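# Architecture at a glance
Residues per chain are reported as follows:
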Amino acid sequence: MTIEDYDLVYKLWMSIDGFGIRSIDDSREGVERFLKRNPSTSVVAEDQGRVVGAILCGHDGRRGCFYHVCVHKDYRKQGIGKAMAVFAMRALKEEEINKVSLIAFTSNEVGNRFWRSAGFTFREDLNYYDFSLNEGNITKFNHLN
């Protein structure tokens, strides 16, 4: 993925019901900053010039993280999500990263089924916390229906 993919990736994000977009982090500038920091680990899947899947993937030198993993609903169950995840995990391994994590909303039944079937471990032994450093970075969820 490069910043040149942004408009088509954003269009994909906006086509997915329930998808959460952050006002700053997911802006063109926010994604560009992320890709500059992680130039070789994010991936898009294309079909005839149309972006049909995407993963923002980065690391902090210790652990990798997947963000905004998505496949257009018309292209699901064709191995695209798995192929993108494998690509991103190989890219992380090339950078000597040994573990990758992700967050899936509990209400995201499709995503949670996918990650479990892909061999990811659901953790029940920890709590996840976050703290917003910028109150302007608001998440807006797509409601298409």
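The sections below set out a description of the structure shown in this document. What you are looking at is a predicted structure, and each value in this text was computed from that prediction instead of being measured.

### A look at the packing of aromatic side chains
- Applying the stated criterion across every chain, the model contains ten aromatic pairs.
- Arranged with centres 6.2 Å apart and planes meeting at 45°, the rings of Phe 66 and Phe 120 form a pair that is tilted. Taken together, the positions of Phe 66 in strand β4 (residues 64-71) and Phe 120 in the loop between α4 (109-117) and β6 (139-141) put the pair 54 residues apart, joining distant regions of the chain.
- For Phe 120, a relative accessible area of 18% gives the class buried.
- Following the ring pairs from residue to residue traces out a cluster consisting of Tyr 6, Tyr 10, Trp 13 and Phe 19.
- Geometry around Phe 122 places Arg 116 over its ring, the cationic atom sitting 4.6 Å from the centre.

### So, unusual backbone geometry
- Residue Gln 48 is not a glycine yet carries a positive backbone phi of 50°.
- With respect to the secondary-structure elements, Gln 48 resides in the loop between β2 (43-47) and β3 (50-59).
- Residues other than glycine seldom take positive phi values, yet Glu 96 does so here, at roughly 65°.
- Inspection of the secondary structure assignment puts Glu 96 in the loop between α3 (80-94) and β5 (100-102).
- A relative accessible area of 66% places Glu 96 in the exposed class.

### Things to note about the sheet that holds β4
- The strand order β2-β3-β4-β5 describes an open sheet built from four strands, whose pairing is mixed. With one partner strand each, in any of the chains shown, β2 and β5 form the two edges of the open sheet. Across this sheet, the average inter-strand angle for adjacent strands is 25°, counted without regard to direction.
- Of the strand pairs in this sheet, β2 and β3 are connected by five bridges, and their pairing is antiparallel.

### Side note on the pattern of salt bridges
- All chains considered together, the criterion is met by three salt bridges.
- Its salt-bridge partner being Asp 25, residue Arg 22 comes within 3.7 Å of it at the nearest N-O pair.
- Notably, a salt bridge pairs Arg 123 with Asp 125, separated by 2.7 Å at the nearest N-O pair.
- A relative accessible area of 37% means that Arg 123 is categorised as partly exposed.

### Brief notes about the side chain of Asn 142
- Within the element layout of this structure, Asn 142 appears in the segment after β6.
- Overall, Asn 142 belongs to the buried group, its relative accessible area being 6%.
- A polar atom in the side chain of Asn 142 sits 3.1 Å from the backbone oxygen of Ile 16.
- Each residue touching Asn 142, except ones within four places of it in the same chain, is listed here: Trp 13, Met 14, Ser 15, Ile 16, Asp 17, Gly 18, Phe 19 and Ile 21.

The rules behind each value
Residues numbered from 1 in each chain as written. Predicted model: local features only at pLDDT ≥ 70, side-chain atom pairs only at ≥ 80, totals over all residues. Heavy atoms only, no water. Phe/Tyr/Trp six-rings, centres within 6.5 Å; stacked < 30°, edge-to-face > 60°. Helix = DSSP H or I, 4+ residues; strand = E, 2+ residues; numbered from the N terminus. Buried < 20%, exposed > 50% of the residue type's maximum accessible area, 1.4 Å probe, protein only. Lys NZ or Arg CZ within 6 Å of the ring centre and 35° of its normal. Pairing = 2+ DSSP bridges. Axes fitted to C-alpha atoms, helices over the stretch in contact; angles between N-to-C directions. Salt bridge = Lys/Arg side-chain N within 4 Å of Asp/Glu carboxyl O. Polar contact = N/O pair within 3.5 Å; in protein donor to acceptor, adjacent residues only side chain to side chain. Contact = heavy atoms within 4.5 Å.

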